[in-house]
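# Results of the structural survey
Residue strings, one per chain:
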Amino acid sequence: MRLTLHIWRQRNRNDRGRFVKYEINDVSPDMSFLEMLDVLNQRLIEHGEEPVAFEHDCREGICGCCGMVINGVANGPEKGTTVCQLHLRHFRDGDVIYIEPWRSRAFPAIKDLVVDRSALDRIMQAGGFISVRAGSAPEANTVLIPKETAELAMDAAGCIGCGACVASCPNGAAALFVAAKISHLGLLPQGQPERHRRARAMVRQMDREGFGACSNHRECEAVCPKRISIRFIALANRDFLKESLAPSEATSGKAKNAKK
Amino acid sequence: MNLAPKVPSGPLEEKWTRYRSTVKLVSPANKGNFTVIVVGTGLAGASAAATLADLGYNVLVFCFQDSARRAHSVAAQGGINAAKNYRNDGDSTMRLFSETVAGGDFRSREANVYRLAEISGGIIDQCVAQGVPFAREYSGYLANRSFGGSLVSRTFYCRGQTGQQLLLGAYSALCHQVTLGRVKVFARTEMLDLVVAGGRARGIVTRDLVTGRVEAHAADAVLLATGGYANVFFLSTNARGANATAIWRAYRRGAGFANPCFTQIHPTCIPQSGHYQSKLPLMSEALRNDGRVWVPKLKGDTRDPAEIPESERDYYLERMYPGYGNLAPRDIASRATKRVCDEGYGVGVSGRGVYLDLTGATARLGEDAVRERYGNLFEMYECITGEEPWKAPMRIYPAPHYTMGGLWVDYGLQSTIAGLFVLGEANFSDHGANRLGASALMQGLADGYFIIPYTLGEYFAGAILEKVSPADQKFTEAQKEVEDRVARLLSVQGRRTVDSFHRELGAVLWEHCGMSRDAAGLRAATGKIRALRGQFWEDVRVPGDAADLNQELEKAGRVADYLELGELMCRDALAREESCGCHFREEFQTTDGEAMRDDGRFCHVAVWEFAAEDREPARYVEPLTFEAVKPAERSYK
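Reading the values: the criteria
- Residues numbered from 1 in each chain as written.
- Chains lettered and ligands numbered in written order.
- Predicted model: local features only at pLDDT ≥ 70, side-chain atom pairs only at ≥ 80, totals over all residues.
- Heavy atoms only, no water.
- Helix = DSSP H or I, 4+ residues; strand = E, 2+ residues; numbered from the N terminus.
- Buried < 20%, exposed > 50% of the residue type's maximum accessible area, 1.4 Å probe, protein only.
- Areas by Shrake-Rupley, 256 points an atom, 1.4 Å probe, with all protein chains shown as cover.
- Lys, Arg positive; Asp, Glu negative; His and termini not counted.
- Charge placed at Lys NZ, Arg CZ, Asp CG, Glu CD.
- 1 Å grid on protein atoms, 1.4 Å probe; cavity = no way out; pocket = protein on both sides within 12 Å on 5 of 7 lines; lining within 4 Å.
- Points joined across faces, edges and corners; volume = space filled by probe spheres on them.
- Nonpolar A, V, L, I, M, F, W, Y, C, P; charged D, E, K, R; others polar.
- Domains from an automatic or database assignment.
- Contact = heavy atoms within 4.5 Å.
- Polar contact = N/O pair within 3.5 Å; in protein donor to acceptor, adjacent residues only side chain to side chain.
- Salt bridge = Lys/Arg side-chain N within 4 Å of Asp/Glu carboxyl O.
- Buried area = accessible area lost by both parts, 1.4 Å probe.
- Core = buried A, V, L, I, M, F, W, Y, C linked by side-chain atoms within 4.5 Å.
- Phe/Tyr/Trp six-rings, centres within 6.5 Å; stacked < 30°, edge-to-face > 60°.
- Pairing = 2+ DSSP bridges.
- Axes fitted to C-alpha atoms, helices over the stretch in contact; angles between N-to-C directions.
- Parallel < 35°, antiparallel > 145°, perpendicular 65-115°, else oblique.
- Left-handed = near helix turned anticlockwise from the far one by under 90°.
- pLDDT = per-residue confidence, 0-100.

### A few points about the overall build of chain A
Regarding its fold elements, chain A presents nine helices and seven strands. For chain A, with 260 residues in total, the buried portion stands at 57%. Total accessible area on chain A stands at roughly 10,900 Å², and carbon and sulfur atoms take up 50% of it. The averaged location of the 31 negative side-chain charges in chain A is 9 Å from the averaged location of its 36 positive side-chain charges.

### With respect to empty space enclosed by the protein
All chains considered together, the criterion is met by 13 cavities of 30 Å³ or more. Quantified by volume, the second largest cavity comes out at close to 590 Å³. When the residues that make up the lining of the second largest cavity are grouped by side-chain class, the tally is 11 nonpolar, 10 polar and 14 charged.

### With respect to the domain arrangement of chain A
A common way to report how large an interface is uses the accessible area buried once the components associate. Residue and element names in this part refer to chain A. Annotation of chain A at the domain level lists domain 1 (3-111) and domain 2 (118-245). The interface of domain 1 with domain 2 comprises 17 residues on the first partner and 19 residues on the second. There are three residue pairs in polar contact (both at pLDDT 80 or more) connecting domain 1 and domain 2. Grouping the constituent residues of the side of domain 1 that touches domain 2 by class yields seven nonpolar, seven polar and three charged.

### Quick word on the pattern of salt bridges
Residue and element names in this part refer to chain B. One pass over the structure, following the stated rule, counts 74 salt bridges over all chains. Between Arg-182 and Asp-54 there is a salt bridge, and its shortest N-O distance comes to 3.8 Å. With Arg-182 in the loop between helix 6 (162-179) and strand 5 (183-186) and Asp-54 in helix 3 (residues 43-55), this residue pair connects regions lying 128 residues apart in the sequence. Using a relative accessible area of 28% as the deciding quantity, one classes Arg-182 as partly exposed. Owing to a relative accessible area of 19%, Asp-54 belongs among the buried residues under this scheme. Where Arg-70 meets Asp-66, a salt bridge forms, and the shortest distance between an N and an O atom there is 2.7 Å. Each member of the pair, Arg-70 as well as Asp-66, is classed as buried. Each member of the salt-bridge network shares a partner with another, and the members are Asp-105, Arg-107, Arg-576, Glu-578, Arg-597 and Asp-599.

### Observations regarding unusual backbone geometry
For A:Asn216, which is not glycine, the phi torsion reads 55° and is therefore positive. On the secondary structure map, A:Asn216 appears in the loop between helix 6 (195-208) and helix 7 (219-223). In the Ramachandran plot, B:Asp105 falls in the positive-phi region, its phi being about 55° despite a non-glycine side chain. Residue placement: B:Asp105 occurs in the loop between helix 4 (93-103) and helix 5 (110-130).

### Points about the layout of surface pockets
Space inside the largest pocket adds up to approximately 900 Å³. Contributing to the lining of the largest pocket are 40 residues, with A:Lys226, A:Arg227, B:Gly375, B:Asn376 and B:Glu379 lying nearest its centre. Secondary-structure elements contributing two or more residues to the lining of the largest pocket are helix 3 (147-157) and helix 8 (231-245) of chain A together with helix 12 (367-385) of chain B. Examining the composition of the lining of the largest pocket, we find that nine residues originate from one element, helix 12 of chain B, more than from any other. Mapping the lining of the largest pocket onto the domain boundaries places at least three of its residues in each of domain 1 (3-111) and domain 2 (118-245) of chain A. In this structure, the second largest pocket occupies an estimated 660 Å³ of space. In terms of lining, the second largest pocket is formed by 26 residues, of which the most central are B:Arg252, B:Glu564, B:Phe610, B:Ala612 and B:Glu613. Contributing elements (two or more residues each) for the lining of the second largest pocket: strand 6 (189-197), helix 7 (245-252), helix 14 (473-491), helix 16 (519-539) and helix 17 (551-575) of chain B.

### Comments concerning the interface of chain A and chain B
Contacts between chain A and chain B engage 79 residues on the former and 77 residues on the latter. Interface area, chain A with chain B, both sides summed: about 6,300 Å², of which 51% is carbon and sulfur. Across the chain A-chain B interface, the total number found is 11 salt bridges. Between A:Glu151 and B:Arg159 there is a salt bridge whose closest N-O contact spans 2.8 Å.

### Overview of the nonpolar core
B:Phe134 and B:Leu224 are the most contacted members of the largest nonpolar core, which has 210 residues in total. The biggest single contributor to this core is helix 13 (residues 440-462) of chain B, with 12 residues. Split by domain, the residues of this core number at least three in each of domain 1 (3-111) and domain 2 (118-245) of chain A. Residues within four places of B:Leu224 in sequence aside, it is in contact with B:Val39, B:Met191, B:Ala246, B:Ile247, B:Ala250, B:Leu407, B:Leu420, B:Phe421, B:Val422, B:Leu423 and B:Ala426.

### Focus: the packing of aromatic side chains
Residue and element names in this part refer to chain B. Scanning the entire structure with this criterion turns up 29 aromatic pairs over all chains. Summarising the aromatic geometry, the rings of Phe-233 and Trp-510 are spaced 6.3 Å apart at their centres and angled 90° between planes, so their arrangement reads as edge-to-face. Placement of the pair is Phe-233 in the loop between strand 9 (221-224) and helix 7 and Trp-510 in helix 15 (residues 498-512), with a sequence separation of 277 residues. Look at Trp-510 and you get partly exposed, because its relative accessible area is 31%. With a centroid separation of 4.7 Å and 45° between ring planes, the pair formed by Trp-294 and Tyr-355 is classed as tilted. In this pair, Trp-294 is assigned in strand 12 (residues 292-296) and Tyr-355 in strand 14 (residues 354-357), connecting sequence segments 61 residues apart.

### Looking at the sheet that holds strand 7 (residues 200-208) of chain B
Whenever strands of a sheet pair, they do so through backbone hydrogen bonds, lying parallel or antiparallel. Residue and element names in this part refer to chain B. Pairing in this open sheet of three strands is antiparallel, and the strands run 6-7-8 from one edge to the other. Whereas interior strands pair on both sides, the edge strands pair on one side only; in this sheet they are strand 6 and strand 8 (214-218). Ignoring which end each strand starts from, the neighbouring axes of this sheet average 25° apart. As defined by bridge partners, strand 7 adjoins strand 8 across five bridges and the pair is classed as antiparallel. Opposite Thr-206, over in strand 8, you have Glu-215 as the bridge partner.

### Focus: the packing of helix 5 (residues 175-187) of chain A against helix 6 of chain A
All names here are of chain A. Their axes nearest at 10 Å, the elements helix 5 and helix 6 cross at an angle of 165°. Taken together, helix 5 and helix 6 sit at an angle that is classed as roughly antiparallel. The two elements helix 5 and helix 6 meet at a crossing, and its hand is right-handed. Contacts between helix 5 and helix 6 involve Ala-175, Val-178, Lys-181, Ile-182, Leu-185 and Gly-186 on the former and, on the latter, Arg-195, Arg-198, Ala-199, Met-202, Val-203 and Met-206. Residues belonging to the contact of helix 5 with helix 6 are distributed by class as follows: eight nonpolar, one polar and three charged.

### Some points on the confidence of the model for chain A
Predicted confidence across chain A gives a mean pLDDT of 94, with 95% of residues reaching 70 or more. In the model, residues 255-260 of chain A has pLDDT below 50 throughout and makes one contact with residues more than four positions away in sequence or in other chains.

### A closer look at the environment of A:Asn14
All names here are of chain A. Within the secondary structure, Asn-14 is located in the loop between strand 1 (3-9) and strand 2 (18-24). Taking relative accessible area as the criterion, Asn-14 reaches 72% and is therefore assigned exposed. For the pair Asn-14 and Ala-109, spaced 95 residues apart in sequence, the C-alpha to C-alpha distance is 8.8 Å.

### Quick word on the pairing of strand 5 (residues 96-100) of chain A
Residues and elements named next belong to chain A. As paired elements, strand 1 and strand 5 share four bridges and run parallel to each other. Counted as the bridge partner of His-6 is Tyr-98 from strand 5. Bridge count between strand 3 (residues 69-70) and strand 5: two bridges; the pairing is antiparallel. When the sheet's bridge partners are listed, Val-69 is paired in strand 5 with Glu-100.

Encoded structure:
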């Protein structure tokens, strides 16, 4: 296969950045998209140029490292697929492909296709957990969870934190990411005591990080490599609203402490 | 080299309880005065960091990924074992223990394995409490599946993403501790050296992967939870970034390296499709539950598998190992697969492949049931190969997956350097010469949640630790060495890329130190690796500079270490003149081609001590004694 690539090159945060064109003539349809970039990079190094920086690790669609925008679509043209799982057989010989990093105010650029997604970690730190001490857990089968509930929680828990939802949202919202975690833990009985406090803390942090608000464009759902449904956004919004209108005692206590 | 295992006295069943009840404790008021460095945020690292912080220690956490949540434990698929006996099918702590010891071909330390089995149930309790959405029965009770090497059903799972969910559980606990201010996470930061001062591990030297800044960090203890080294083969099931640098640097600073030749080749991976291949994705062993492995009875049969009638198929695992059939342990299944392919029965373009067939299960159980159990695995297979496993059997071939070898640790997980603890896959582990499926997650979390909190306390309570600072000479020296090495990698400016060296090293190891080994091949490999290492330092090309995000520079440092580790693997494989578990020496096999152990000469852990750059490392042994389970020939027939 022969492909023309236009790849976003940017030395660092202060560099303006630009597309650079590369012709690549001998790739195989069985190659993954990242293997094509590997081949390109080997060639660039051999020609004394700097290779394209891009993030990748597991190469089996689970670590969430490798997000990039391909021809205007986060994670590329295949539904429910990370870039590492995207193969060239989905492109045609002679195609022109534009490759860009995630673009969002909350994801500052680092280099080429690499951006800083640490805002997502800080949202998790704000409340994306159940506080349990090692050693204090009850026998696992004492908490029965209906299969349907466990399956639904698992649907939400499958989020890989890649940030495609943010990159594809016209508002730069992280609503799907946040909602997936609020829903996963909020659906389970273990997650109930901290449920509303969690929702509020995570949404507050999302706002603080400079993410936009959700206005139901549904672009996030369309590009999510794990096919996470926006129904979870509705679920999370309900928890957040409830908490905002009638704060639970625990939360107000916590908020007072936080102000000190 | 002092290899005292420090196993507590008393009956096997009481050792851990006794240890916990008599271990020295650190006063709660005093814990905040201790700083602990944790390198790696997989299951072992994240669970250890969160638990230690919760106890009150100051914890500094380092990972090379952009987020702690991306450590490679995330990719574990099949499940986690626990001796809960929820199925009432004969499971018990003793059975999980004895199966793990036998699965490891009697090359692990009995007391450690027993403790692991004993702790296993508590891990499930802890994970459920954290909100890990394990699979459930319609009644709401936890579901189980079977796994290779066992006759009971004790594996807990979250679809095909168990590792992801367990890791997110540990990561969320870590996040909680960050918010409470007891953990500081340094992401995109790679450990490049260990600092040993006054005979104790007191810090590390790191490089910030974005700014290139090299920095020393001081602490009272260092925990390495940096995973295994299967990536030494270049093509493996591991994440591309997974590397051995942390443990290798610790080895060079005096930590003993145990059983480096024990590397597990996983039987069910997607075969290589081209020279550009960057990794070999794993298809969970759980598929062998409902899947049957076969090749055509006719050599070079190129018919569509659907057109090959039952009578012309060889279900070789069922034929060779009727007792366990498709659930034979990994080493045995991999070797059988290699054998049928070597004999010319392999399928696919390369002939390096066999069929893993779930079409029968789909017909029997219905597509929905199979999809629920393995849905994402099937999607992954389809994604990569463009073929639909619902309709036609998958093609699989073994690939490097896990390393049982690693830094030697005593019962308290302490290495031969005082204050250096090693957890999870990075240590030489409880898996002996072969790990059973669904046991790695169990071990990582056992080490992190339940073992290190006790053993680290014991170390602190018994040690007098002088104050150290990154400005001390030992720290500045180590920092200077790291800076010089980085500069040296950049200064070669030769003609070959880092990857080209790595691929070549991987090919040598796969050929001579892979699924089967012999003395002549191992000697040849040692020479080839040395030559390759020489070429690397003369001809590698690392573009860019040090003060920037430079992924080639990161890789170069790791490959330089692999070029040393690869030689040690061959040396260890050569010295172990027996076949056991994954280590199959052609010279030592029974008449029907099974591994032949030599308990008289090799019932021990081999531990290597680094000498100097151009000197041969020394080999020491920790003898293994078995009281509860008597070493017998493994039989899965």
